[in-house]
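An overview of the molecular structure
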Amino acid sequence: MPFSRLFGKKDKEYIEIETEETVEEFMQQIVELPVAAIIPNRYQPRTVFDASKIEELARTIRIHGVIQPIVVREYEPEKFEIIAGERRFRAVSSLEWDTIPAIVQNLTDDEVASIALIENLQREELTPIEEAKAYQSLLDMQEVTQEALAQRVGKSQSAIANKLRLLRLPEAAQQAVLDKQISERHGRSLLVLETEEKQLDVLAKIIENKWNVKETEQYIQTLLPAEPKPKKAKPKRQAISRDVRIAVNTIKQSITMVKDNGMDLQMEEEESDDYYQITIQIPKQKNK
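No experiment lies behind these values; they were computed from the predicted model shown. (Residues numbered from 1 in each chain as written. Predicted model: local features only at pLDDT ≥ 70, side-chain atom pairs only at ≥ 80, totals over all residues. Heavy atoms only, no water.)

Moving on, we come to the overall build of the protein chain. Looking only at helices and strands, the protein chain has twelve helices and seven strands in total. Each of the 288 residues in the protein chain was classed as buried or not, and the buried ones make up 35%. When the accessible surface of the protein chain is totalled, it reaches about 19,200 Å², and 49% of it is carbon and sulfur. (Helix = DSSP H or I, 4+ residues; strand = E, 2+ residues; numbered from the N terminus. Buried < 20%, exposed > 50% of the residue type's maximum accessible area, 1.4 Å probe, protein only. Areas by Shrake-Rupley, 256 points an atom, 1.4 Å probe, with all protein chains shown as cover.)

As structure tokens, this is what we get:
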């Protein structure tokens, strides 16, 4: 039976069965397995389970039984690993039941890891850190690119990359995201700080002061080195033609000759984009 028939986009406690043949086929796959012979999914990305929800599910199972079997694989003779249904398994374990209905599938490690991640992503129950670690695990196991992984799990490549960046945070900061003491955006804002010491110092202030993301980013800006002011570009001197140079030099030579004859001239030069200006001041002779 395909996995889409076993679990959909939500954590349903039922299975849609279309025909009597489907019912018979499905029922033939269900076996009762000893709870003691089952271990949780070693590739389960979710590390935090809400105890109150597990307890609520256990009360439902006590009354109605396990309506949807868990899915497992046999990793050793008579030893089974959960592929899907860990919440049901935990609830049944809390009831101390001896067996649980299950369907045994033959899957590889890669397939188990992919199914566990996709199942949890569809439910949107993973914390950002759990999601990031699951992505990294799949990248390492399957040796695929971020782009290929994004296509497989239905996410954008940038979304995958942003999640993976969180794994560059110190362990304490990752745990704070995991425990929901800070948000994913808080975590990403810490990454602009160049040292782990500064990141942990700001982390403590976020938690102590209950800063939102905007307040956190404003404080971090005060810790960053000031950017140097751009130097004003010197105006470029525009090249002048040979004829203009000859004219200017001729005027200057003439002024020099007049000065050499005892006339005290004052000359000012000014160059613009459109013209070259020379101003000459000739003092009037004093009256005798």
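Right, let's talk about the packing of helix H5 (residues 128-142) against helix H6 (residues 146-153) for a bit. Relative orientation and spacing of two packed helices are given, respectively, by the angle between their axes and the distance between those axes. Where H5 contacts H6, the axes come no closer than 11 Å and their chain directions differ by 115 degrees. In this structure, the crossing between H5 and H6 has a hand that is right-handed. Taking contact as the criterion, the partners of Tyr-135, Leu-138, Leu-139 and Gln-142 in H5 are, on H6, Gln-146, Leu-149, Arg-152 and Val-153. Partitioning the contact of H5 with H6 into residue classes produces five nonpolar, two polar and one charged. (Axes fitted to C-alpha atoms, helices over the stretch in contact; angles between N-to-C directions. Left-handed = near helix turned anticlockwise from the far one by under 90°. Contact = heavy atoms within 4.5 Å. Nonpolar A, V, L, I, M, F, W, Y, C, P; charged D, E, K, R; others polar.)

As summarised here, the arrangement of the five strands in space is S1-S5-S3-S4-S2, forming an open sheet in which the pairing is mixed. Where the open sheet ends on each side, the last strands, each with one partner, are strand S1 (30-34) and strand S2 (38-39). Sheet analysis places strand S3 (residues 70-76) next to strand S4 (residues 79-84), joined by five bridges and oriented antiparallel. Among the inter-strand pairings, Val-71 is bridged to a residue of S4, identified as Ala-84. (Pairing = 2+ DSSP bridges.)

Scored by pLDDT, the protein chain has a mean of 80; 83% of the residues are at 70 or more. Segment residues 1-19: pLDDT under 50, and 40 contacts once partners within four positions in sequence are set aside and those in other chains are kept. (pLDDT = per-residue confidence, 0-100.)

Ile-38, Ile-61, Ile-70, Val-72 and Ile-100 are the most contacted members of the largest nonpolar core, which totals 19 residues. Of all elements in the fold, only helix H2 (51-64), S3, S4, helix H3 (86-94) and strand S5 (99-104) reach the threshold of two or more residues within this core. The greatest single-element share of this core, amounting to four residues, is contributed by H2. The residues contacting Ile-38, other than those within four sequence positions of it, are Leu-33, Ile-70, Phe-80, Ile-82, Phe-89 and Ile-100. Counting residues in each nonpolar core, the second largest holds 16 residues, with Leu-193, Leu-203, Ile-206 and Ile-220 among its members. (Core = buried A, V, L, I, M, F, W, Y, C linked by side-chain atoms within 4.5 Å.)

Before going further, it helps to examine the packing of H5 against helix H7 (residues 157-165). Relative to each other, H5 and H7 sit at 105 degrees, their axes nearing to 8 Å. Relative to H7, the element H5 is oriented roughly perpendicular. Touching Pro-128, Glu-131, Ala-132, Tyr-135, Gln-136 and Leu-139 of H5 are Ile-160, Lys-163 and Leu-164, all from H7. Each residue belonging to the contact of H5 with H7 can be placed in one class, and the counts come to six nonpolar, one polar and two charged. (Parallel < 35°, antiparallel > 145°, perpendicular 65-115°, else oblique.)

This part is about the side chain of Glu-86. By the element assignment, Glu-86 lies in helix H3. Residues in contact with Glu-86, not counting those within four places in the same chain, are Pro-40, Asn-41, Gln-44 and Phe-49.

Our next topic: the pattern of salt bridges. For the structure on display, the rule yields eight salt bridges. The partner of Glu-55 in a salt bridge is Arg-59, with the nearest N and O atoms 3.5 Å apart. In this pair, Glu-55 and Arg-59 are both assigned in helix H2, four residues apart and thus about one turn of the helix distant. Across the salt bridge formed by Lys-198 and Glu-194, the nearest N and O atoms sit 2.9 Å from each other. A relative accessible area of 33% means that Lys-198 is categorised as partly exposed. For Glu-194, a relative accessible area of 53% translates into the label exposed. Because the salt bridges share partners, they merge into one network encompassing Arg-42, Arg-73 and Glu-81. (Salt bridge = Lys/Arg side-chain N within 4 Å of Asp/Glu carboxyl O.)

Position of Glu-197 relative to the elements: it lies in helix H10 (residues 196-209). Under the relative-accessibility criterion, Glu-197 is labelled exposed at 66%. Put simply, Glu-197 and Pro-170 are 27 residues apart on the chain and 9.2 Å apart in space, counted from C-alpha to C-alpha.

Judged by side-chain polarity, Ile-251, Val-258, Met-263, Ile-280 and Ile-282 come together as a nonpolar surface patch covering roughly 390 Å² of accessible area. Note that Met-263 resides in the loop between helix H12 (242-260) and strand S6 (266-271). Residue Met-263 is classed as partly exposed on the basis of its relative accessible area, which comes to 32%. (Patch = residues over 30% accessible without salt bridge, like charges linked within 9 Å, V, L, I, M, F, W, Y side chains within 5 Å.)

A separate point is the environment of Leu-138. In this structure, Leu-138 sits in helix H5. Of the residues examined, Leu-138 reaches a relative accessible area of 1% and is grouped as buried. With 95 residues separating them in the primary sequence, Leu-138 and Tyr-43 have C-alpha atoms 9.5 Å apart. Residues contacting Leu-138, with those up to four places away along its chain left out, are Ala-113, Ser-114, Leu-117, Glu-143, Val-144 and Leu-149.

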